[in-house]
Each structure stands twice: as C-alpha cells, then as structure tokens.
Amino acid sequence: MAIKVLILEDNPVARGFLSRVVRESFSDAIEITEAGDLETARRHLGPPDAAPDPSDAFRLILVDLELPDGNGMELLTEFARYPATKIVTTLYSDDDHLFPALQCGADGYLLKEDRFEVLVEELQKIVRGQPPLSPAIARRLLTHFRPAGAGNAGPDSSPAPLSSGFSSRPAAPPRTAAPPDHERLTPRESEVLTYLSKGFTIKEIANLMGIKWFTVNDHIKSIYKKLNVSSRAEAAVLASKQGLV
C-alpha cells in the first residue's frame, strides 16, 4: 500500500520541488496529494476531531507557513492529534517562526532554500527516528537550549521513530569536499550573498533584485556549492571573514 503524503504549499514550483524531494527520500510507493491553501488541505484531512481511517490516513504532511488564506500554524494546531509526521517547510529561519511552529506540534522544520540532497537526507531521518531539521535550524536549537560550556551528549537515547512505515533510499556516498572557489562567484551571486549576509529573506532578495524567489534559490545553491557551505549562516560568516561582501 502506498504511503500517503500531503504537501501544503501555495507556490506550484515549490510544490513540485518538494514532491521530488519526498519521492527521492523514500523507497516506498508514495501517493502525494497537493494543496495550495488551508481550505483545500482541511478538505483532504477531514474533520480535525475525527479519527482518520488508518488505511487511508496521511503519514507525512509538509506544511508551508505563509498561505493565501492563513498561516500553516493554524493547521498544525487544528490537527495536533492527527497521526502523521508533520514537518514545516518554509523560507523562514528566525525564532519568531521556528519556536511557535514547534510549539504548535511540528515534528520537524526544513528550509526550502536548502539543497535538494540536504532536504532528502533530512527527510530520511524520519526512518531513523530523528526529527528532520535543516542544518541551520539544528544549530539554532542547540545554541538556544544547550547550557554554556556543555560537552557532548551521553550515550545515544534517540526517541522512537516519528512515524513508522517508511523505508529510506540508500544514502548516497559522501562527496569529497572541494575547496572554496570565491573568485568564481558571478556578480549576481555576489549581490545575493551580500543580501544574505545582511539577513534578508529569499522573498525580500527577490523583490530587491526584481527576480523570482526560485531564481534567488538557484543563486543560493550555486553560492553554497562554490563556497563549500550548507547554510546561509555559514555563507554569511565565510563572506564576512573573507571580505567577499
């Protein structure tokens, strides 16, 4: 039986991207349902106070936060008891979005700006019983909750899997890291990196540069590859240290 996945995302390009991420992450047969707004998602999920048919329930729900008819946190709150792994997929990496989403019941928090392979790797953590968190988000949480001077964690005490029934695809062999190639940044990439270093969101950068957000996303992916980093925080720090911006 196919594992049912609901993707709540208003941008068609982002929905297609996330669908590819999901299909690449798991070796199971996957049945993906897409929703562009809260109303459509609610129709697919059914009454929030009714127990879904186990044979027809969604096992994984990806939730965008900014939607045409509200905020994805509303859905997380309404369907807190729904027996699915619920993961926020968003462009927002700040505390004002992260912590409320987790408090509303999100089981993971992924940034759509991350590289395809990074998102696949994070989703595969579901199978291993680990919460899917973008690297930048994981570091933010550690910084927020870890006491100053705390050492490494003790023996592994990972929680039970968030949701059973998934089988991950074999992980790709680790790639050999290439040395940073700062000089190869194009003028457009340098401009994007400057805005990233100043804390602008992808949507804000797109508006400032007069381009689509997914074009900005493509520039960011290229920047990450050339600088050999995996998050905007790392890119911003390296850019500052190396005088790239």
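See above for the structure.
It should be emphasised that the depicted structure is a prediction, and the values quoted were computed from it without experimental measurement.

Enquirer: Quick question: what am I supposed to make of the pairing of strand β3 (residues 60-63) here?
Expert: Judged by which residues are buried, β3 turns out to be covered on both faces: Leu60 and Leu62 on one side and Ile61 and Val63 on the other are all buried. Pairing geometry for strand β1 (residues 3-8) and β3, over four bridges, is parallel. The residue bridging Ile7 from the neighbouring strand is Leu62, located in β3. Of the pairings in the sheet, the one linking β3 to strand β6 (residues 85-90) comprises four bridges and is parallel in character. Following the sheet pairing, Leu60 is matched in β6 by Thr85.

Enquirer: What is the right way to read the sheet that holds β3 from this model?
Expert: Adjacent strands of a sheet form backbone hydrogen bonds with each other and so pair up, either parallel or antiparallel. With parallel pairing, the five strands of this open sheet are ordered in space as β2-β1-β3-β6-β7. Looking at which strands have only one partner, the edges of the open sheet turn out to be β2 (30-35) and β7 (108-111). Across this sheet, the average inter-strand angle for adjacent strands is 20°, counted without regard to direction. Sheet topology places β6 next to β7; four bridges connect them, and they run parallel.

Enquirer: What exactly am I supposed to notice about the environment of Ser190 here?
Expert: Within the secondary structure, Ser190 sits in helix α7 (residues 187-197). Distance from Ser190 to Ile220, taken between C-alpha atoms, is 9.9 Å for residues 30 residues apart in sequence.

Enquirer: What is the right way to look at the packing of helix α1 (residues 12-25) against helix α5 (residues 116-123) in this model?
Expert: The geometry of a pair of packed helices is captured by two quantities: the angle between their axes and the separation between those axes. Viewed as axis vectors pointing N to C, α1 and α5 meet at an angle of 50°, and their least axial separation amounts to 9 Å. Relative to α5, α1 is oriented oblique. As α1 packs across α5, the resulting crossing turns out to be right-handed. Within the contact between the two elements, α1 uses Phe17, Arg20, Val21, Val22, Glu24 and Ser25 and α5 uses Phe116, Leu119, Val120 and Leu123. Taken together, the residues that form the contact of α1 with α5 break down as seven nonpolar, one polar and two charged.

Enquirer: Just checking my understanding: could you explain the packing of aromatic side chains for this structure?
Expert: Aromatic ring pairs: the centre-centre distance and the angle between the two ring planes describe each pair. The full count for this structure, using the stated rule, is two aromatic pairs. Note on Phe17 and Phe116: the rings are 6.0 Å apart at their centroids and 65° apart in plane angle, and the pair reads as edge-to-face. With Phe17 in helix α1 and Phe116 in helix α5, this pair connects stretches of sequence that are 99 residues apart. In this structure Phe17 comes out as buried when scored by relative accessible area, which is 9%. Relative to Tyr82, the ring of Phe79 lies with its centre 6.2 Å away and its plane at 70°, an arrangement referred to as edge-to-face. On the accessibility criterion, Tyr82 (8% relative accessible area) is buried. Of note, Lys4 hangs over the ring of Phe58, and the distance from its end group to the ring centre comes to 4.6 Å.

Definitions and cut-offs
- Residues numbered from 1 in each chain as written.
- Predicted model: local features only at pLDDT ≥ 70, side-chain atom pairs only at ≥ 80, totals over all residues.
- Heavy atoms only, no water.
- Buried < 20%, exposed > 50% of the residue type's maximum accessible area, 1.4 Å probe, protein only.
- Helix = DSSP H or I, 4+ residues; strand = E, 2+ residues; numbered from the N terminus.
- Pairing = 2+ DSSP bridges.
- Axes fitted to C-alpha atoms, helices over the stretch in contact; angles between N-to-C directions.
- Parallel < 35°, antiparallel > 145°, perpendicular 65-115°, else oblique.
- Left-handed = near helix turned anticlockwise from the far one by under 90°.
- Contact = heavy atoms within 4.5 Å.
- Nonpolar A, V, L, I, M, F, W, Y, C, P; charged D, E, K, R; others polar.
- Phe/Tyr/Trp six-rings, centres within 6.5 Å; stacked < 30°, edge-to-face > 60°.
- Lys NZ or Arg CZ within 6 Å of the ring centre and 35° of its normal.

So far we have only geometry, and geometry alone does not tell us how the molecule works.
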